[in-house]
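Residue-level structural notes
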Amino acid sequence: MAAYLLHIPTSFTPTTTTATATATSPFRTLLSYKPSYIHSHKPFTPLCSRRPDYIPNHISDRNYVRIFDTTLRDGEQSPGATMTTKEKLDIARQLAKLGVDIIEAGFPASSEADLEAVKLIAQEVGNVAGEDGHVPVICGLARCNKNDIDRAWEAVKYAKFPRVHTFIATSEIHMKYKLKMSKEQVVEKARSMVAYARSLGCDDVEFSPEDAGRSEREFLYEILGEVIKAGATTLNIPDTVGYNWPREFGHLIADIKSNTPGIENVIISTHCQNDLGLSTANTLEGAYNGARQLEVTINGIGERAGNASLEEVVMTLKCKGELLGGLYTGINTRHIVMASKMVEEYSGLQVQPHKAIVGANAFAHESGIHQDGMLKNKSTYEIMSPEDIGLFRSNESGLTLGKLSGRHALKSKLLELGYDIDGRELNDLFWRFKSVAEMKKVITDDDLIALVSDEVFQPKVVWKFGDVQVTCGTLGLSTATIKLTDIDGTEHIACSTGTGPVDAAYKAVDLIVKARVKLLEYSMSAVTSGIDAIASTRVLIAAENDHTTTHASGEKIARTYSGTGASMDIVISSVRAYVGAINKMLGLKKQSN
């Protein structure tokens with residue numbers, strides 16, 4: 001396996017500083033330090049031949065940092081980010097290709113659907129070696145109770161490397177108002193449940209003191225010491241509400257490392273939320289102070305303001321690993337863009353244009369001064385190459401797509417945009433592309449991205465969009481006729497009126513589907529400028545009496561589903577999005593029954 005960070009095999013103690021560099025120091029003086037970005041546009045040659053063999057509570061190379069991805073668990077808890085089993089499995093496979101060390105595949109106790117999804121990922125992804133021989137650990141979350149732990153173990157035990165991740169709150173405010181438990185009760189519950197997980201045959205148990213960032217230090221040392229004795233292999237330190245700032249969180253990790261009995265026998269991990277926009281900084285500060293597992297999500301999605309972003313953490317380590325003491329990961333960064341796009345499409349959570357690393361503007365240069373510098377030397381305004389994350393500049397190939405373009409040209413352009421699509425998906429997309437190309441002289445990159453979203457990243461078909469006909473205007477009621485095809489191939493037609501063409505079309509869909517659905521959000525944007533622009537629509541829906549369980553408190557919350565659609569006709573785009581969201585909802589319901 002190839003590591004993608006500069007590796008300096010020297011010891012690293014973050015609390016020790018010197019005024020000058022020595023021959024044995026992992027640092028150089030700032031005057032002699034040569035930034036890695038100067039060489040960022042040259043082909044990268046990995047200096048470490050393979051990642052260390054996986055041992056739950058030990059890493060043979062002290063500079064290696066494990067990447068723990070929780071996109072499928074914490075990330076899916078974002079409003080509207082509900083994903084089907086197929087979508088979760090696709091993302092898990094992409095995470096494995098990316099080289100993620102641990103995949104937290106879900107919270108099995110929350111629903112039968114989540115349990116089955118985690119089990120499938122454990123079977124299908126947790127036993128398959130990648131090109132480098134790497135097999136990811138598959139992890140399931142559980143509260144500190146036997147039922148949760150039983151279900152988590154039932155789901156993950158099929159993986160080659162299974163892990164159960166259990167947690168209980170340790171801050172004063174959580175223990176008093178949420179748990180209504182004393183410190184002694186919390187310690188006993190944590191200790192006994194870690195021991196119980198080990199008794200089931202699970203040799204890899206992670207423990208998290210929820211809201212550790214606001215917990216009393218001495219109490220943390222005590223409870224962490226007890227779970228180590230009970231058999232915990234990883235101690236995850238969460239800044240659950242994103243309250244800490246980097247120096248504060250770094251000191252917390254350093255203090256735990258210095259004061260917890262038995263800490264040398266476990267891996268320290270971080271889990272930083274982004275409520276103050278500091279999750280990436282806090283995560284890196286945790287690594288600097290001794291954490292060797294970092295919990296992140298693709299695109300930084302997650303509850304409230306989200307989590308530390310995998311791409312930001314990994315690329316910072318790649319660019320600044322030398323200053324961080326030679327820390328490196330096993331992530332193959334050239335798969336970042338595809339992972340980002342897949343999560344964006346399946347979750348329905350769009351990446352903001354100025355998002356670091358993967359945003360649409362991350363490698364865009366508009367000012368004249370910047371463009372001049374880029375033409376002379378790309379390193380003037382880019383600290384990393386877009387090719388490093390799997391993004392290829394569209395203006396370097398000279399490909400312009402139109403109605404005469406073939407499959408090969410389409411596939412080449414898609415690869416430039418970060419999409420590796422082949423087989424039936426490429427064929428279906430090609431015919432959608434050709435139908436649009438008949439009406440547009442030139443197909444832009446944004447047009448293609450919209451078509452990929454609408455054609456490739458769609459849930460399993462329960463209802464297939466057929467035709468729509470609308471009449472509307474100032475002279476009468478808007479009327480829509482809709483034709484959908486069910487899973488058996490039977491066509492269904494319905495007609496309805498509404499306050500506008502989209503409203504009428506949605507009511508006609510409801511008459512066919514017969515599902516009690518509430519439309520929560522509707523948004524539409526033109527993908528490009530001009531009268532022939534493709535319209536991209538996103539909807540968010542909820543069904544009556546459809547709830548899921550939050551991982552922390554166990555409270556029931558309404559489950560929501562997103563859908564996207566694209567077409568040069570705004571009504572068709574809207575109906576595609578609505579039907580896509582309904583398919584996702586019905587698919588999950590069918591899986592749960």
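Before reading further, recall that the structure is shown in the block above.
Computed from a predicted model, the values in this text were never measured in an experiment. (Residues numbered from 1 in each chain as written. Predicted model: local features only at pLDDT ≥ 70, side-chain atom pairs only at ≥ 80, totals over all residues. Heavy atoms only, no water.)

It is worth spelling out the packing of aromatic side chains at this point. Under the criterion given, the structure shown has 6 aromatic pairs. Taking 5.2 Å as the distance between ring centres and 75 degrees as the angle between the ring planes, the aromatic pair formed by Y64 and Y328 counts as edge-to-face. Placement of the pair is Y64 in the segment before β1 (66-69) and Y328 in the loop between α9 (310-320) and α10 (336-347), with a sequence separation of 264 residues. Look at Y64 and you get buried, because its relative accessible area is 2%. (Phe/Tyr/Trp six-rings, centres within 6.5 Å; stacked < 30°, edge-to-face > 60°. Helix = DSSP H or I, 4+ residues; strand = E, 2+ residues; numbered from the N terminus. Buried < 20%, exposed > 50% of the residue type's maximum accessible area, 1.4 Å probe, protein only.)

So, on to the pairing of strand β6 (residues 234-239). With 6 of 6 residues buried, β6 is to be regarded as a mostly interior element. Taken together, the 2 bridges between strand β5 (residues 205-210) and β6 define a ladder with parallel strand orientation. Of the residues in β6, the one forming a bridge with E206 is T234. Handedness of the β5-helix α6 (residues 217-230)-β6 crossover: right-handed. Examined bridge by bridge, β6 and strand β7 (residues 267-272) share 6 bridges and lie parallel to one another. Bridge pairing in β7 links D239 to C272. In the classification by handedness, the crossover that spans β6, the intervening helix α7 (residues 246-259) and the parallel β7 is right-handed. (Pairing = 2+ DSSP bridges. Right-handed = clockwise from strand over helix to strand, strands pointing away.)

On to the packing of helix α3 (residues 146-156) against helix α5 (residues 183-199), then. Relative orientation of the contacting elements α3 and α5 amounts to 30 degrees, with a least axis distance of 10 Å. With respect to their mutual orientation, α3 and α5 come out roughly parallel. Of the two possible hands of crossing, α3 and α5 adopt the one that is right-handed. Contacts between α3 and α5 involve K146, I149 and D150 from the first element and M193, Y196 and A197 from the second. (Axes fitted to C-alpha atoms, helices over the stretch in contact; angles between N-to-C directions. Parallel < 35°, antiparallel > 145°, perpendicular 65-115°, else oblique. Left-handed = near helix turned anticlockwise from the far one by under 90°. Contact = heavy atoms within 4.5 Å.)

All right, on to the sheet that holds β7 then. Ordered in space as β1-β2-β3-β4-β5-β6-β7-β8, the 8 strands form a closed barrel in which the pairing is parallel. Looking at each pair of strands side by side, their axes are set apart by 25 degrees on average, direction ignored. Of the pairings in the sheet, the one linking strand β3 (residues 137-143) to strand β4 (residues 162-169) comprises 6 bridges and is parallel in character. Within β4, the position partnered with I138 by the bridge is P162.

This next bit is on the nonpolar core. One finds L98, F207, I223, L235, I237 and F433 to be the most contacted residues of the largest nonpolar core, which totals 111 residues. When residues of this core are assigned to their parent elements, the largest contribution, 8 residues, is made by α6. Setting aside its immediate chain neighbours within four residues, F433 contacts L401, G402, S405, L410, I443, L448 and L451. (Core = buried A, V, L, I, M, F, W, Y, C linked by side-chain atoms within 4.5 Å.)

This brings us to α10. For α10, with 12 residues, the first-to-last C-alpha span of 16 Å sits near the 16 Å given by 1.5 Å per residue. Burial within α10 is extensive, with 11 of its 12 residues counted as buried. Residues of α10 that are buried: I336, V337, M338, A339, S340, K341, M342, V343, E345, Y346 and S347. The first or second residue beyond α10 is G348, which carries a positive phi of 80 degrees. (Expected span 1.5 Å × (residues − 1).)

Our focus in this paragraph is the pattern of salt bridges. Pairing of side chains with opposite charge becomes possible as their charged atoms draw close. In total, this model carries 33 salt bridges according to the counting rule given. For E104, the salt bridge goes to R73, with nearest N and O atoms at 3.1 Å. Residue E104 is found in strand β2 (residues 102-106), and its partner R73 is found in the loop between β1 and α1 (85-98); the two are separated by 31 residues along the sequence. Residue E104 is classed as buried on the basis of its relative accessible area of 0%. In this structure, the salt-bridge partner of K157 is E154, at a minimum N-O distance of 3.1 Å. The network of salt bridges with shared partners includes E116, K119, E154 and K157. (Salt bridge = Lys/Arg side-chain N within 4 Å of Asp/Glu carboxyl O.)

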